[in-house]
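Spelled out, the chains give:
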Amino acid sequence: MKALLVIFDGLGDRPVKQLGYKTPLQVAEKPNLDKLSVTGIKGIMDTIAPGVRPGSAPAHLAIFGYDPYKYYTGRGIFEALGMGLDIREGDVVFRFNFATVDEEMRVVDRRAGRIKRYTEDLAEALNTIEIPGVELIFKEAVEHRGVLVLRGEGLSWKVSDVDPGKTGFKVKMCKPLDGSLEALRTAEIVNKVVAESYRVLKDHWVNKDRISRGLPPANIILPRGASISTKVKGFKERYKLRAYCVAGGTLYKGVAKFVGMEVLNVPGATGTYGTDYDAKVHAAVRALKDGDFVYLHFKPTDLAGEDGDFRRKVDIIQRIDKALEPILSLEDTLVVITADHSTPCSIKTHSADPVPIMICGEEVRRDGVKGFDEISAARGGLGRIRGLHLMPILLDLMNLTEKYGA
Ligand code: ZN
């Protein structure tokens, strides 16, 4: 028995007045999910806990069976892993923005005009910075974003952010958040890195060119969200499952890598509205030939929620449903359809509303609930579970669990 876990990011929603007080998932025409629903058990899931608004990374950790309160320190390490950086145990990873400051270190633009080009050249210049006793790795990401890795002995992730969060304010000093020497040392390193970044970036040709074109220069980096890389037992070791990931966004690839999945490179999978839905489904189906467990992630449902665009959310659900047709003919495979959290269009951000979930397969109890949405799923046989319950339930349905007691 194999398993395919499909996550529609931010799928859950609240009733939308303009949709007759239904959710986008209730309104969407989704014949393939409807067909699938006949063969399974449904429920609702608090991915972290009731009343907790989950971030995508901790929610995914929980769904994969890794307690987020134990394993989640911040988003940086997942971004770095998802970008393909070689992250080692003990590395402290920050996300950063390229930003614009004036000569008094006051933030003029927190995103350097959402700089889009030549950030790889800026990162190359940053990589010449040397600070004794620590190895530094700078890597540009999408637009004004990047990651910074600190590698060495005696580092801590318990340090504050330097981004003041608003323009017109001075860059903040990084401070230790506990009384440890490691945090003190790490904060000192971050402050040096920020000062050095201004030194190497302010006269960089990319910025001279930007200034000449009236654009804000990317003359500093503002690190935030320190996180630390810890070693975990991956899917293979822990569950004896060979696992693959099909996702577009770096964060999701990173979480998958963290738990020991092999991340497949699927051309056209972008993690944006324009992603190639069909290519992803085909890649996931192919991966099931070789793998025992495949995680397939779709981001645009969350994007539409964050845009508050309920009609677009309906369209995207319909589009994904169409792409999912090949999974109807999978054999000896459990199919799980769920989400990492709700992103209600009315609030344009994550909420703690539980997400709908269904587990389908030949030997799964059929609970008689037809269709798949937040409301009908709540009447299903799975009841209300937490994210951390999912893997044990799946492993049992795959007959991979051992008896507890005699
Ligand atoms: Zn999410």
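Residues numbered from 1 in each chain as written. Predicted model: local features only at pLDDT ≥ 70, side-chain atom pairs only at ≥ 80, totals over all residues. Heavy atoms only, no water.

(A) Layout of the pairing of strand β2 (residues 40-46). For β2, the tally of buried residues reaches 7 of 7 residues, placing the bulk of the element in the interior. Two elements, β2 and strand β12 (residues 355-360), share 6 bridges in a ladder whose sense is antiparallel. If you follow Lys-42 over to β12, its bridge partner there is Met-358. Here 4 bridges tie β2 to strand β13 (residues 383-386), and the two strands are oriented parallel to one another. Within the sheet, the bridge partner assigned to Ile-44 lies in β13 and is Arg-384. (Buried < 20%, exposed > 50% of the residue type's maximum accessible area, 1.4 Å probe, protein only. Helix = DSSP H or I, 4+ residues; strand = E, 2+ residues; numbered from the N terminus. Pairing = 2+ DSSP bridges.)

(B) Spotlight on the sheet that holds β13. Ordered in space as β9-β8-β10-β1-β11-β12-β2-β13, the 8 strands form an open sheet in which the pairing is mixed. Unpaired on one side and paired on the other, β9 (262-263) and β13 mark the two borders of the sheet. Contacting β1 (2-8), β8 (243-246), β10 (293-298) and β11 (333-338), helix α11 (residues 277-290) runs over the sheet at an angle of about 170° to β10. (Contact = heavy atoms within 4.5 Å. Axes fitted to C-alpha atoms, helices over the stretch in contact; angles between N-to-C directions.)

(C) Focus on the domain arrangement of the chain. Structurally, the chain comprises domain 1 (2-70 + 232-397) and domain 2 (80-228). Centre-to-centre separation of domain 1 and domain 2, based on C-alpha positions: 34 Å. Listed by partner, the interface residues are 5 residues for domain 1 and 4 residues for domain 2. Summing the contributions of domain 1 and of domain 2, the shared interface buries around 350 Å²; its carbon and sulfur component is 71%. The interface formed by domain 1 and domain 2 includes 0 salt bridges. At the junction of domain 1 with domain 2, the criterion picks out 1 residue pair in polar contact (both at pLDDT 80 or more). (Domains from an automatic or database assignment. Buried area = accessible area lost by both parts, 1.4 Å probe. Salt bridge = Lys/Arg side-chain N within 4 Å of Asp/Glu carboxyl O. Polar contact = N/O pair within 3.5 Å; in protein donor to acceptor, adjacent residues only side chain to side chain.)

(D) Structural context of the side chain of Ser-56. Structurally, Ser-56 is set in helix α3 (residues 56-63). A distance of 3.2 Å separates a polar atom in the side chain of Ser-56 from a polar atom in the side chain of His-341. If we skip the residues at most four places from it in the chain, Ser-56 touches Asp-9, Leu-251, Tyr-252, Asp-340, His-341 and His-350.

(E) Up close: the nonpolar core. Among the nonpolar cores identified, the biggest contains 90 residues, and Phe-64, Phe-235, Met-261, Phe-293, Tyr-295, Leu-324 and Ile-337 are the most heavily contacted of them. With 8 residues, the top contributor of residues to this core is α11. Both domains that meet at this core, namely domain 1 (2-70 + 232-397) and domain 2 (80-228), each give it at least three residues. If near-sequence neighbours (up to four positions away) are discounted, Tyr-295 is found in contact with Leu-5, Ile-7, His-60, Phe-64, Tyr-244, Cys-245, Val-246, Tyr-252, Ala-256 and Met-261. Leu-126, Val-194, Tyr-198 and Ile-221 belong to the second largest nonpolar core, which has 39 residues in total. (Core = buried A, V, L, I, M, F, W, Y, C linked by side-chain atoms within 4.5 Å.)

(F) Just the packing of aromatic side chains, in detail. According to the stated counting rule, one finds 13 aromatic pairs in the structure shown. Centre to centre, the rings of Tyr-66 and Tyr-71 are 5.7 Å apart; their planes meet at 70°, and the pair counts as edge-to-face. The exposure class of Tyr-66 is buried, given its relative accessible area of 1%. A network of ring pairs unites the aromatic residues Phe-64, Tyr-66, Tyr-71, Phe-235, Tyr-239, Phe-293 and Tyr-295 as a single cluster. Here the guanidinium or amino end of Arg-312 rests over the ring plane of Tyr-273, the centre of that ring lying 3.4 Å away. (Phe/Tyr/Trp six-rings, centres within 6.5 Å; stacked < 30°, edge-to-face > 60°. Lys NZ or Arg CZ within 6 Å of the ring centre and 35° of its normal.)

(G) Structural detail: a negative patch on the surface. Taken together, the side chains of Glu-306, Asp-307, Asp-309 and Asp-315 define an acidic patch exposed on the protein surface. Along the chain, the position of Asp-309 falls in the loop between α12 (300-306) and α13 (310-323). (Patch = residues over 30% accessible without salt bridge, like charges linked within 9 Å, V, L, I, M, F, W, Y side chains within 5 Å. Areas by Shrake-Rupley, 256 points an atom, 1.4 Å probe, with all protein chains shown as cover. Lys, Arg positive; Asp, Glu negative; His and termini not counted. Charge placed at Lys NZ, Arg CZ, Asp CG, Glu CD.)

(H) View of a positive patch on the surface. A cluster of basic residues, Lys-70, Lys-233, Arg-238 and Lys-240, forms a positive patch at the surface. Mapped onto the secondary structure, Arg-238 falls in helix α9 (residues 235-239). When its relative accessible area of 36% is taken as the criterion, Arg-238 is described as partly exposed.

(I) Looking closely at the environment of Ala-243. Within the element layout of this structure, Ala-243 appears in strand β8. Setting aside its immediate chain neighbours within four residues, Ala-243 contacts Phe-235, Met-261, Glu-262 and Phe-293.

(J) A look at the environment of Leu-388. Positionally, Leu-388 belongs in helix α15 (residues 387-397). For Leu-388, the residues in contact, after removing those within four places along its chain, are Thr-47, Ala-62, Gly-65, Tyr-66 and Asp-67.

(K) Representation of the pattern of salt bridges. Counted under the stated rule, the structure contains 20 salt bridges. Among the ionic pairs, Lys-139 bridges to Glu-140, the shortest N-O distance being 3.6 Å. Connected through shared salt-bridge partners, Asp-91, Glu-135 and Arg-151 make up one network.

(L) Quick peek at the packing of α3 against helix α10 (residues 250-258). For the pair α3 and α10, the least separation of the axes is 10 Å and the interaxial angle reads 35°. Considering only the axes of α3 and α10, their crossing is right-handed. Between α3, through Ser-56, Ala-57, His-60 and Leu-61, and α10, the contact on the second element is made entirely by Leu-251, Tyr-252, Val-255 and Phe-258. Of the residues in the contact of α3 with α10, the class split is 6 nonpolar, 2 polar and no charged. (Left-handed = near helix turned anticlockwise from the far one by under 90°. Nonpolar A, V, L, I, M, F, W, Y, C, P; charged D, E, K, R; others polar.)

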